[in-house]
Structure formats: C-alpha cells, structure tokens
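Fold and contact review
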Amino acid sequence: MPEIRIEKLRKTFGDLVAVDNLDLEVQDGEYLTILGPTGAGKTTLLRLISGLTKQTSGCVYIDGKCVDKLPPEERRAAFLSQTYSLFPHMDVWENTTFGPIARGWESERVSIIGREMLEMVHLYERRDALPHELSGGMMQRNALARALSADAKILLLDEPLRALDARLRLDLRYELLKLARDMKMTTIHVTHDQEEALTISDRIIVLRKGKIIQSGTPKEIFNEPARPFVHHFVGEANFIRGALVSKEGERSKISDKAGRNFIASNTPLEAGMNVVAGIKTEFTLMTKGKRGEVNSFNGIIERKLFLGRFTDFEVVLSEGGIVHARLPGAVADKFKEGDNVFIHYAPERLLIFPEPEEGLKKELEME
Amino acid sequence: MPAIELNGITKRFGKVTAAEDVNLKIESGEYLTILGPSGCGKTTLVKILAGIWAPTEGDVFIDGKKVTGIPTFERDLGYIFQNMAIFPHMTVWQNANYGPKVKDWDKKKGEQLTTETLKLVHLMERKDFLPHELSGGEKQKVGIARALCSGSKLLILDEPLSALDARVRLDLRYEIKRLVKRRGLTAIHVTHDQEEAMSISDRIVLMRAGRIVEINTPENLYNHPQHLFTANFIGEASFIEGGIIKNGEDCTLEARHKHHIKIRNPDGCFDVGDGVVIAVRPENLYLSKDKKENSLEGRIEDKIFMGSFIRYRIMLSTDDLVLVEIPEAIDKSFNTGETVNVIFKPEKLLVYPLPREGLREVLSLE
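Calculation rules
Residues numbered from 1 in each chain as written. Chains lettered and ligands numbered in written order. Predicted model: local features only at pLDDT ≥ 70, side-chain atom pairs only at ≥ 80, totals over all residues. Heavy atoms only, no water. Helix = DSSP H or I, 4+ residues; strand = E, 2+ residues; numbered from the N terminus. Contact = heavy atoms within 4.5 Å. Pairing = 2+ DSSP bridges. Axes fitted to C-alpha atoms, helices over the stretch in contact; angles between N-to-C directions. Buried area = accessible area lost by both parts, 1.4 Å probe. Salt bridge = Lys/Arg side-chain N within 4 Å of Asp/Glu carboxyl O. Polar contact = N/O pair within 3.5 Å; in protein donor to acceptor, adjacent residues only side chain to side chain. Phe/Tyr/Trp six-rings, centres within 6.5 Å; stacked < 30°, edge-to-face > 60°. Buried < 20%, exposed > 50% of the residue type's maximum accessible area, 1.4 Å probe, protein only. Lys NZ or Arg CZ within 6 Å of the ring centre and 35° of its normal. Domains from an automatic or database assignment. Nonpolar A, V, L, I, M, F, W, Y, C, P; charged D, E, K, R; others polar.

Secondary structure summary: chain B contains ten helices and 20 strands in total. By sequence separation, contacts in chain B at least 24 residues apart represent 68% of the contacts at least 6 residues apart.

Residue and element names in this part refer to chain B. Here four strands make up an open sheet; going across it, the order is β2-β1-β4-β5 and the pairing antiparallel. Where the open sheet ends on each side, the last strands, each with one partner, are β2 (16-26) and β5 (65-66). Here strand β1 (residues 4-13) pairs with strand β4 (residues 57-62) via five bridges, running antiparallel. Directly across from E5, in β4, lies its bridge partner F61. Sitting on the sheet, helix α1 (residues 42-50) is in contact with β1, β2 and β4, with an inclination near 120 degrees to β1.

A few words now on the interface of chain B and chain A. Across the boundary between the two partners, chain B contributes 45 residues, which contact 46 residues of chain A. Of the roughly 3800 Å² buried where chain B meets chain A, counting both sides, 52% is carbon and sulfur surface. The largest per-residue losses of area from chain B upon contact with chain A belong to B:R167, B:F305 and B:E366, which jointly make up 19% of the total buried on that side. One can count five salt bridges joining chain B with chain A. Close ionic contact of B:D165 with A:R162 constitutes a salt bridge, the shortest N to O distance being 3.8 Å. For the interface between chain B and chain A, the tally reads 15 residue pairs in polar contact (both at pLDDT 80 or more).

As enumerated under the stated definition, the model contains 15 aromatic pairs over all chains in all. When the centroid spacing of 4.8 Å and the interplanar angle of 55 degrees are considered together, the rings of A:F87 and A:F98 count as tilted. Placement of the pair is A:F87 in the loop between β6 (77-80) and α2 (92-102) and A:F98 in helix α2, with a sequence separation of eleven residues. By relative accessible area, which is 28% here, A:F87 ends up partly exposed. For A:F98, a relative accessible area of 37% corresponds to the partly exposed category. On the basis of an interplanar angle of 45 degrees and a centroid distance of 6.0 Å, the ring pair of A:F297 and A:Y345 is categorised as tilted. Note that A:F297 is positioned in strand β16 (residues 296-306) and A:Y345 in strand β19 (residues 340-345), a separation of 48 residues in sequence. Linked through ring pairs, A:F222, A:F283 and B:F305 together constitute an aromatic cluster. When the ring centre of B:W105 is taken as reference, the NZ or CZ atom of B:K109 above it lies at 4.7 Å. When the ring centre of A:Y174 is taken as reference, the NZ or CZ atom of B:R313 above it lies at 3.5 Å.

What follows concerns the domain arrangement of chain A. Residue and element names in this part refer to chain A. Under the domain assignment, chain A is made up of domain 1 (4-228) and domain 2 (236-355). The C-alpha centroid of domain 2 is placed 39 Å from the C-alpha centroid of domain 1. The interface is formed by six residues belonging to domain 1 together with eight residues belonging to domain 2. Interface area for domain 1 against domain 2, summed over the two sides, is near 580 Å², with a carbon-plus-sulfur share of 70%. If you look at where domain 1 meets domain 2, you find zero salt bridges. Summed over the shared surface of domain 1 and domain 2, the number is two residue pairs in polar contact (both at pLDDT 80 or more). Here the residues of the side of domain 1 that touches domain 2 are counted per class, giving four nonpolar, one polar and one charged.

Following this line, the structure appears as structure tokens:
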C-alpha cells in the first residue's frame, strides 16, 4: 500500500498556480526527491502534504486515509525547514523532547525517545549545549532529532542542506540518507540541486511550474530525460535544432539549418518533423585528431575551466556554434586554450525531442 | 589596476580572533578567491580590505599606498554581496546607470559604460524592466552591473552567488569572471564553495580558523595539496593511516590489521617507524574482481549513480572507508555487499606525516 497518495492536488495564490492538479504516489520507505528550479512549487507541495498549507482542491491520503481534516501534528509527518527553527533559549535536549512533552507523554518515555534520537544523530554528548553554541551541521542534526522525536513515519525535508557550507553538504547528504534508511522512514526531500538529487534518491520527480514533468530513478532522469529542460537541468547539455530527415533501425538522421548532418539515437517521432537533439556535456568527446566522418566537427578551444575532478571546455566550431565538453582530469590535461580539436557525439547519446512549443530558449530557462 | 597587500593583519572581537597575522599580496589584474568553511575569517579579511572594519593590528596597502584608516568610500572599490539591494522603483538601466549619473560623469561616457556592462551580463534586452519583473539571478546581475558601472578597478565579491539556485550559479560564475577579465579589474571573491572557487580563480587562498592554510592555483591545490585539510576541503578524498615499515624503492606502509600498501617516498622524507596518512581522490582508486598488485580487499557498502560515473563506498580490510569513482562506460557493475579488490597506484597517492593533533581534528569542516 502506498504510504502517501496525492490526487489532483491544486493550490493557487491569487492568479498564481503554485501546484497544478498534481497526482503522485510515494511508496512505503521510499526516498523521493522533488527537484526543480526556484518557483516550481516544490515547497508548496511539501507544505500541502504536511498540512501547514491548505490546498485549493484535491486530496492527500496517508496510509489510505484522507488527511484533509487532520491538523499537521496528527499527520505523523515531520517537517524540517531550511532554517531549522530551533528554540534559541532551549538546549539540545529540551529542543529534542519538546514535542513528546507537549503531547503529554510520561517522563520515562520522553527520556527514552530523547536519548534514542540524540544518539542517532551523534548529539547525545552535546545535549546541554544551546543552539548558538552549535555548528551549522549540529543545528541541522538537532532539528532533525526534534522532528523525528514526534513519532513521525514520514519525513518532509525542505532544502535541509541549503544553509550549510558546500563541502559539508557533501558529507551530510549521505548521513541524512543513511538516517532515513535506518529508521525506515518514508522521505520526501525538496532540493534545487541536481547533484544532490542524483546521489541520494530512490526516485526523483522533476517539478516545473507546478507540474511534474518527469518521474524516475536517478539513472532514468539522467540518461532518458523526458524533455530538453530535464536534459539541461540535470547535468548540462549541448543542443542542435534541425529536422528529422530519416530513420534507419536504431539510428536517426538530423539535418540542421546550416546543412550539417547528425546521426542520433532512435526516436518514435515521424521523419520530416522539426526536432531538437541534445547530448550531455559529460558525453561530448574531444580529440586532437579526426575520428571518422560521423558527428565529428572541427573547432578551437576558447576556454578551459578547471573544476577538480572534471575540466569544462568551451569550443568554438569552425562552421559556427559553441559546444561545451566536460572531461575527466586525466584526459583534460592534454588540452589547452587555443588548441585545434575535434568534437564527437556518440549517436546513442544524442537524444531527440520534438521542437518545444515555446521555442528552445524558453524551454531551457531555469528561473 | 590596483595591487593589494595585507601586512600582518590581525582582527580580534573580544576574546575571539577572527584573523591572525595574515600576510597576502594580490597582483594587479588578478582574480583571487578566499575560500574556507564558515567562521574561518574570510569575510573579516575582505571587510578590513574594504575599510568597513579596522584591523586590530597590521596594515592594508592599495597600489603601494597605506590605506589603513581611510574610509570605504575613499578607497574606490566595488562591493558585491549575497543579496544586492537594487532600487525597486528604477528600471534595470537606471539602476546600472546610477553611479555615472550621481558622479556627474560626462553623459555620453556614462551611457556608453552602462550599455557595455548591461550587454556583458546579457541584460540589455531587459533594460526597461523593473526589478519585480526579474528573476533572482537577473536581479543579482543588475546589482553586479551597477557595481561595475561605478568605474572602480577593484572589485570585492562577498559570496555573490550563495543565494541563487545551484544551476543558475554555474552560468553566472562564468559571466562574472569573463567580465572582470575583459575590464582588466582586480577581483577578490569570497566563498565557501570549493567548486566555485576552482572554476573562477587565478589563485585561491584557503583559510581556516583565522589563518591562511595554503595559497596556490586551483590545479595545484587539487593535484598537489600541501596540507591534509586542503586535500579534504578541495575535492573529496579518502584517508588511511599507517606506519612506514620499509623505505627506499619499495617504500611500504603498514595500515590497520597488518595490511600493506606501497607508496612513493621520492625525497626520502619518511623514515621507517614514521606515522603517515595516505590521502587519495575517488577517481584515483581502481577496482578489480581479482587480487592485483598493491590491492586490498574491501566490501561494497553502497553504490551511487552520479551521471557519467558510479561512486562506490567501500569498507577496506583495514577498517577504513574509501570512496571510489569509476566512469560508467568502463564500470564492471559491482553490487552492494560484494567483495572487491581496491587497487592503489603509488603515483596517485598523496602522503602526509600523521598530524599530532589527530586526523579527525585536522580534517574537521566545522
């Protein structure tokens, strides 16, 4: 039985549709990430599930029961916001046991749950510290312990790592996932960070303008994006605009306005249609010499940007146009700015989409 | 194009020392980033440089002139921070052109500069928009454009991208760098984001607890970090502690449970009996089903899809957890729970003396 089910959920603020007739099922114990740009409706969706915001129409079911009439505290869903909102005058222990005490639990039970939660987040030793004496990571763990001590079955995380340093985030996102798994919680995690989403999720839903535009495992979202937007938002992609000329077996042929031909992956679209084709920069190959006749283009390296594990290259093609390639460190060392190079697209990595109705530029907008 | 020198800068707030004896020279036309975890003193340092705070000790020189004590508005610098306040009732154009206008520059010259700057940040098409009609990233760009139109040759950027979405940040950081280089400005950029720092800087100053840990180019900091903290903070790394049991050509370290790893000891800096720590990047470890030369057994704890590569978390027979990243194209697809051999290539291992205060303390990010 699905833990959470959402049916035709809709929320408007005046003329603005924040969540647009949304259907969603979250399985028991699943770690689901809601990924999308600012203003996509991610936080609103989370607040509707928690009961902190009331929907305009539609229903939220938890364990098969409609929870519309239930206040937030009776939905057994712990909500953790980006700012943690710990009580500043209470120590770690008091913050953690606030919920159970307010619920009138007997003191023995309060002590057991408080200790259990704080040991889990490695804060039991610091139970006498006040929030301002804690580091950012510790405050986050304290807030998590508080959220969990309320006997929740569902964990709703609204950008839980946003307030932390970039490097610390890398370590803590894994800890968060491990905690949720150990406690067998059903988790919905909201983020705008595509790398975070890829690394922690059982499943990702990509939200844009209040609608789900794709749902799938991290691998599916990365390798089989439903739309150019997803292709470019999760990872980064180069795009070609052209017409689908012909189809042959597993391959398709595309011709762009300049008359260049490309061999791309299989597509259910009809020959003759206007299409866009895109390839991830991580799968865009770069070599010094020419390699074959298919999908091979000459250019000059305009920019080289070192990123550590990867290096990003910007290549200006001799026939016009700019292509980005992301190469692993060991390979990247062989190239420098000004080098004459060849760019290659593996046909199976060049994915075809129908031409977006509002144009490619609008489709790819992140804000 | 100003050159800057910080000479013995110390700043104390009561008992807290935010910066301690910091010495730093910034070349004219350089893009320098000050990087470090929260509370490392990076913002304190640029505030002293800008004249917003006075140092407790030490002096600031701009172009060889001592400016300690001179107020901010006389230092001729542009200051960009996280949420740039722009005038809500003024259009993009009016906001950007504010500096030239109030400074009563030649109208034509001012307008030329503003046009050029707005083109550089790709906002010329939106020059008649009001701030509330813009996205967060665009608003921040207007703020940056306004700072650039002030005509200052020195630009201070204090976490200019932190309030923006991850994906928007990527695009904007390249634009800022391009702009600074094209204008020939000297830029000092403060951030806690190591990837941002690597992608934009000529040099990075890595700080921790009020002190400079290391200054170098992004490539050198990533590939040849001089300190353990750097190896962990810039990029990720796994660490294995051990003692040297054999020296010379076959320099060997003994890790926990008597497992051996061959390392390099090119300058003979280590002697038999020395305690050392190996640091290794996830992309510099390799996996094999069978035992290979210089490999150790481990159990796959977790397997994570990361796009073009797969990340494994592996518990070694030495009880050390290591991260291993394999490009997806050549990944043999090992499964969680499986036993594999992790191959160590001596030339890819960074080796450091075992720190006296303990490894955990040295690596701590907070």
